[in-house]
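# Structural characterization, general
Residues per chain, in single letters:
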Amino acid sequence: MAELDAELHVQHLSHSFGPHEILRDISFNLKEGHVISVVGPSGGGKTTLLHLCAGFLDVEEGKVTNTFNKHAFAFQETRLLPWQTTLDNIAFGLKAQGMRKQQRYHLATEIALRFGLEKKDLSKFPKDLSGGMRQRVSFARALVIEPQLLFLDEPFSALDIGLKQELQQILIQLISDGRLTVFFITHDLMEAVRLSDQIIVLDVDPGRVAHTFTIEKPQQERDDAYVYAETAKLLANPVIIKTFELSIASSRNKPDKGAAA
Amino acid sequence: MNALLNIIKNFPKYLWSGWGAVSSIFLFITLWEFGFQQYGELVLPSPQSTFHTLWTMLHTDSIMQDVHITVKRAMWGFIISAGLGSFLGMLAGLFVTASIMSRPIITILMGMPPIAWIVLAMIWFGTGDNTVIFTVVVASFPIVFVGALQGTHTLEGDLKDMSDSFKAPLLMKFTDVYFPHIFSYIFPAWIAALGMSWKIVVMAELLSTPDGIGAALAVTRSHLDTAGALALVTIMIGFLLFIEYVFMEPIKREVEQWRN
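This structure is a prediction, so every number in the text was calculated from the model and none was measured.

In terms of regular secondary structure, chain B is built from 11 helices and zero strands. Dimensions along the principal axes, computed over C-alpha positions, put chain B at roughly 70 × 50 × 35 Å. Counting the 260 residues in chain B, one finds 41% classified as buried. The contacts of chain B with a sequence gap of at least 6 include a subset with a gap of at least 24, amounting to 75%.

Structure, rendered in structure tokens:
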């Protein structure tokens, strides 16, 4: 039963780098099976917040409680080991868990094929993979360990539209199955609308919660029209306009084209 | 183990790819022959007479002993400098202060001509193995040290964070993340140090010992035996080519195939 109660609980979190205040009084609660995204302009402390939640940085002020048993991280710049093959890169987390070679290769191969990689790609080094393929490997590496909680750092920003949709569908499937909880940062509002149950808008200097939007409709039922409409609504919201410093005229005239703020 | 099997498996293909190198060596021998025809036997003996002298030399016990002694000295010098340089270099790379402080010392060591070390070593150790090995170590150590220092100094925090995010144990972090990166810097430094060791050992022997290829070279000089000197040079170059291209290069190709 303990697993059902797993949560990422952030209370009054503040952080500074030297004299420069990055985050101020951030609080939210991510429950199991939910998705929270953090959006905001560049330099607003999104990555710092993610790193504090994932434990890469020490919490100085406030409290971060992570009761998920297993979590994984997918990075924006993939961070594959250049000297390891695709298969070894995917199996990295499994090896860290002490799984035997044969079994981890089996699982890694299985997930690689599911993520659209081909058998011949498994023995390639990252230098021989395209940017999209590297991103698939990074995702596969994070998901093969079957994490309860997945941290994503602008994971789709460098992907073409087809691959972006494909990976998002995989995530939505896992979320709908109740197997995955996601905390991710993005600067793309449409991405946030498509995937999140809650969208936290982070204002800059210092980063603080400007507003939290909640989306009730389940991810699987959100079609393109719904995502466009919700994004347009968000773009018309005064908090978003102020936080992203949008021009009001352009946000009214071309809402869907301005989604990636 | 897999790497070793791959090296053995790819070895015939690698050797076959060496025809280009062989043809350039033959071109060099052609130029040598041309030089002989211009300047005569005393200044530049023909390749034919040199190889003939080499053949005769290789059938004498004394030269084989000399080769054995020289290889032993070069290898000891190389092993000590590679071991010491790798260890101290990696250590220095971990600490900013140590890497800043070691830089001028390395510049001094690299800038000091090996001949000066030989003189000092002769005063300190007399004539014998120690003088030669010391000179080799002093000349090769900075090369390995700098390679190892750069290897640890340039370790990426990003990859460390990645391995931390998967809670990789310390040993795995070393074998999968740190070591391959550091090795990619140290290995080329080892190859450079090996070449340096081989050159320095002969020079040190020529000046400071009664045996070894260097000493044999000194004898050919005193006898004005140019063909003998060239035969010894051929032995030295042959050894270097053998170690570098038959041992080091296949290993390098295997362990660095992930590079662009």
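Residues and elements named next belong to chain B. In contact at an axis separation of 9 Å, helix α4 (residues 61-94) and helix α9 (residues 170-208) are set at 145° when each is read in the N-to-C sense. Where α4 crosses over α9, the two elements pack in a sense that is right-handed. Residues Ile69, Thr70, Val71, Arg73, Ala74, Met75, Phe78, Ala82, Ser86 and Met90 of α4 form the contact with α9, whose participating residues are Ile182, Ile186, Trp190, Ala193, Leu194, Ser197, Trp198, Val201, Val202 and Glu205. For the contact of α4 with α9, the residue count by class is 15 nonpolar, three polar and two charged.

On to the interface of chain B and chain A, then. Often, the extent of an interface is quoted as the loss of accessible area upon association of its parts. Taken together, the contact pairs 20 residues of chain B with 22 residues of chain A. Of the roughly 2,000 Å² buried at the junction of chain B and chain A (both faces included), carbon and sulfur atoms supply 68%. For the pair chain B and chain A, the interface holds five residue pairs in polar contact (both at pLDDT 80 or more). Going through the elements one at a time, α8 (157-165) and α9 of chain B are the ones with two or more residues in the side of chain B that touches chain A. Sorting elements by how many residues they give to the side of chain B that touches chain A places α8 of chain B first, with six residues.

Right, let's talk about the sheet that holds strand β8 (residues 198-203) of chain A for a bit. All names here are of chain A. Judged by pairing direction, the sheet is mixed, and its six strands sit side by side in the order β5-β6-β7-β3-β8-β9 without closing on themselves. In this open sheet, the two edge strands, each paired with only one partner strand, are β5 (71-74) and β9 (208-214). On average, each strand axis in the sheet is tilted by 15° relative to the strand beside it, whichever way the strands run. Where strand β6 (residues 149-153) lies against strand β7 (residues 181-186), five bridges are found, and the strand directions are parallel. Following the sheet pairing, Asp153 is matched in β7 by Ile185. Strand contacts of helix α1 (residues 46-54): β3 (35-39), β5, β6, β7 and β8, with the helix running at about 155° to β7, the strand carrying the most contacts.

Let us look at a nonpolar patch on the surface. A cluster of nonpolar side chains, contributed by Trp76, Ile79, Ile80, Leu84, Phe87, Leu88, Leu91, Leu94 and Phe95 of chain B, occupies part of the molecular surface with about 880 Å² of accessible area. Residue placement: Phe95 of chain B occurs in the loop between α4 and α5 (96-111).

Right, let's talk about the domain arrangement of chain A for a bit. Residue and element names in this part refer to chain A. Per the domain assignment, the segments of chain A are domain 1 (1-69 + 150-261) and domain 2 (85-147). Of the roughly 930 Å² buried between domain 1 and domain 2 on both sides combined, carbon and sulfur atoms contribute 76%. Counting across the interface, domain 1 meets domain 2 through one salt bridge. For the salt bridge of Glu166 with Arg136, the shortest nitrogen-to-oxygen distance reads 3.1 Å. At the junction of domain 1 and domain 2, the tally comes to one residue pair in polar contact (both at pLDDT 80 or more). Residues that form the side of domain 1 that touches domain 2 fall into these classes: 11 nonpolar, no polar and two charged.

All right, on to empty space enclosed by the protein then. One pass over the full model with this rule turns up one cavity of 30 Å³ or more. Roughly 30 Å³ of internal volume is contained in the largest cavity. Together, Trp83 of chain A together with Leu155, Glu156, Leu159, Val177, Tyr178 and His181 of chain B line the largest cavity. Among the elements that line the lining of the largest cavity, the one with the most residues is α9 of chain B, at three residues. Split into classes, the residues belonging to the lining of the largest cavity amount to five nonpolar, one polar and one charged.

A few words now on the packing of α4 of chain B against helix α7 (residues 129-153) of chain B. Residues and elements named next belong to chain B. Two elements in contact, α4 and α7, have axes separated by 6 Å at closest approach and are oriented at 30°. Where α4 crosses over α7, the handedness of that crossing is right-handed. Partitioning the contact of α4 with α7 into residue classes produces 19 nonpolar, nine polar and three charged.

The subject of this paragraph is the environment of Asp177 of chain A. Residue and element names in this part refer to chain A. Mapped onto the secondary structure, Asp177 falls in the loop between α6 (161-176) and β7. You can call Asp177 partly exposed: its relative accessible area is 40%. As for Asp177 and Arg136, which are separated by 41 residues in sequence, their C-alpha atoms are 21 Å apart. At 3.1 Å, the side chain of Asp177 forms a polar contact with the side chain of Arg179.

Conventions and cut-offs
- Residues numbered from 1 in each chain as written.
- Chains lettered and ligands numbered in written order.
- Predicted model: local features only at pLDDT ≥ 70, side-chain atom pairs only at ≥ 80, totals over all residues.
- Heavy atoms only, no water.
- Helix = DSSP H or I, 4+ residues; strand = E, 2+ residues; numbered from the N terminus.
- Buried < 20%, exposed > 50% of the residue type's maximum accessible area, 1.4 Å probe, protein only.
- Contact = heavy atoms within 4.5 Å.
- Axes fitted to C-alpha atoms, helices over the stretch in contact; angles between N-to-C directions.
- Left-handed = near helix turned anticlockwise from the far one by under 90°.
- Nonpolar A, V, L, I, M, F, W, Y, C, P; charged D, E, K, R; others polar.
- Buried area = accessible area lost by both parts, 1.4 Å probe.
- Polar contact = N/O pair within 3.5 Å; in protein donor to acceptor, adjacent residues only side chain to side chain.
- Pairing = 2+ DSSP bridges.
- Patch = residues over 30% accessible without salt bridge, like charges linked within 9 Å, V, L, I, M, F, W, Y side chains within 5 Å.
- Areas by Shrake-Rupley, 256 points an atom, 1.4 Å probe, with all protein chains shown as cover.
- Salt bridge = Lys/Arg side-chain N within 4 Å of Asp/Glu carboxyl O.
- Domains from an automatic or database assignment.
- 1 Å grid on protein atoms, 1.4 Å probe; cavity = no way out; pocket = protein on both sides within 12 Å on 5 of 7 lines; lining within 4 Å.
- Points joined across faces, edges and corners; volume = space filled by probe spheres on them.

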